[in-house]
Amino acid sequence: MPNDLTLLNLPSFEHKLKKINDKLCIWDIIRKKYIVLTPEEWVRQHFIHFLINQHQYPKSLIKLESSLNYNQLLKRTDIQVFDRTGNLFMIIECKAPYIELSQGVFTQAAQYNQVLKAQYLTIANGMFFHCCKTDWEQLRLDFLEDLPVFS
């Protein structure tokens, strides 16, 4: 593992690294290509494998870096998970390990979810993650101890 990438508080996985044009890249099993390895990408790749291997989320229902319009600006979610009927189940906002999961990070993800209307919202930095269920009728968030079971 390169020494600029932190050992995360997520299960390790068999990652493939490769230098492309003098940039270190990691194989992405969702996009099926090498992606430039940044601290945020390191967290995203770990979280993807965590969803698939520890929580049995289907790889085929995970989408990465999807665009959305928020306040007339083009934004991008890190990870989207869909349910078996094609509805958005969860959005996940990934940050580098040294970024605190602050109210600002949560607000960013919640603003994206105002547009997307996912049932679950998660923020993660590889050291910690927080997941909440959105109650759209009561307009409130209920924080969970773990990720929801995918069914």
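Quick notes on the rules
- Residues numbered from 1 in each chain as written.
- Predicted model: local features only at pLDDT ≥ 70, side-chain atom pairs only at ≥ 80, totals over all residues.
- Heavy atoms only, no water.
- Core = buried A, V, L, I, M, F, W, Y, C linked by side-chain atoms within 4.5 Å.
- Buried < 20%, exposed > 50% of the residue type's maximum accessible area, 1.4 Å probe, protein only.
- Helix = DSSP H or I, 4+ residues; strand = E, 2+ residues; numbered from the N terminus.
- Contact = heavy atoms within 4.5 Å.
- Pairing = 2+ DSSP bridges.
- Axes fitted to C-alpha atoms, helices over the stretch in contact; angles between N-to-C directions.
- Expected span 1.5 Å × (residues − 1).
- Arc of directions from axis to C-beta.
- Salt bridge = Lys/Arg side-chain N within 4 Å of Asp/Glu carboxyl O.
- pLDDT = per-residue confidence, 0-100.
- Polar contact = N/O pair within 3.5 Å; in protein donor to acceptor, adjacent residues only side chain to side chain.

Peer 1: Give me the lowdown on the nonpolar core, citing residues and values where you can.
Peer 2: By size, the foremost hydrophobic cluster in this structure holds 43 residues, and its most contacted members are Phe47, Leu51, Ile79, Val81 and Met90. Secondary structure elements with two or more residues in this core: helix H1 (39-54), strand E4 (62-70), strand E5 (73-82), strand E6 (88-94), helix H2 (103-116), strand E7 (120-124) and strand E8 (129-135). The leading source of residues in this core is H1, at seven residues. Other than its neighbours up to four places away in sequence, Val81 contacts Leu51, Tyr57, Leu61, Ile62, Asn87, Leu88, Phe89, Met90, Ile92 and Phe150.

Peer 1: For the sheet that holds strand E3 (residues 33-36), give the residues involved together with the corresponding values.
Peer 2: The strand order E1-E2-E3 describes an open sheet built from three strands, whose pairing is antiparallel. The outermost strands of the open sheet, each flanked by one partner alone, are strand E1 (17-20) and E3. Adjacent strand axes in the sheet meet at a mean angle of 45° when their direction is disregarded. Where H1 meets the sheet, its contacts fall on strand E2 (23-28) and E3, and the angle it forms with E2 comes to roughly 20°.

Peer 1: Mind laying out H2, listing which residues take part and the relevant values?
Peer 2: With 14 residues, H2 should cover 20 Å at 1.5 Å per step; its first-to-last C-alpha distance of 20 Å lies within 8% of that length. Within the span of H2, buried status applies to Val105, Phe106, Ala109, Tyr112 and Asn113. Along the axis of H2, the buried positions cluster into a sector of 125°, meaning they face one direction only. Count one or two residues on from H2 and you reach Lys117, which has phi positive near 65°.

Peer 1: Lay out the pattern of salt bridges with the relevant residues and their values.
Peer 2: As enumerated under the stated definition, the model contains ten salt bridges in all. For Glu93, the salt bridge identified is with Lys95, shortest N-O distance 3.5 Å. This pair shows no difference in class: Glu93 is buried, exactly as Lys95 is.

Peer 1: With reference to specific residues and values, describe the pairing of E8.
Peer 2: Examined bridge by bridge, E7 and E8 share five bridges and lie antiparallel to one another. Each residue of the ladder has a partner; that of Leu121, found in E8, is Cys132. With five bridges joining them, E8 and strand E9 (residues 140-144) adopt antiparallel strand pairing. Residue Asp135 lies in a different strand from E9, and its bridge partner there is Arg140.

Peer 1: How would you summarise the confidence of the model for the chain if you had to cite specific residues and measurements?
Peer 2: The share of residues in the chain with pLDDT of 70 or more is 94%, and the mean pLDDT across the chain is 91. The lowest-confidence element of the chain is E4, averaging 80 in pLDDT; the highest-confidence one is E7, averaging 97.

Peer 1: Let's hear about the side chain of Arg44: which residues, and what values?
Peer 2: On the secondary structure map, Arg44 appears in helix H1. Judged by relative accessible area, Arg44 falls into the buried class, the value being 2%. Here the side chain of Arg44 touches Asp78 through a polar contact of 2.8 Å, side chain to side chain.

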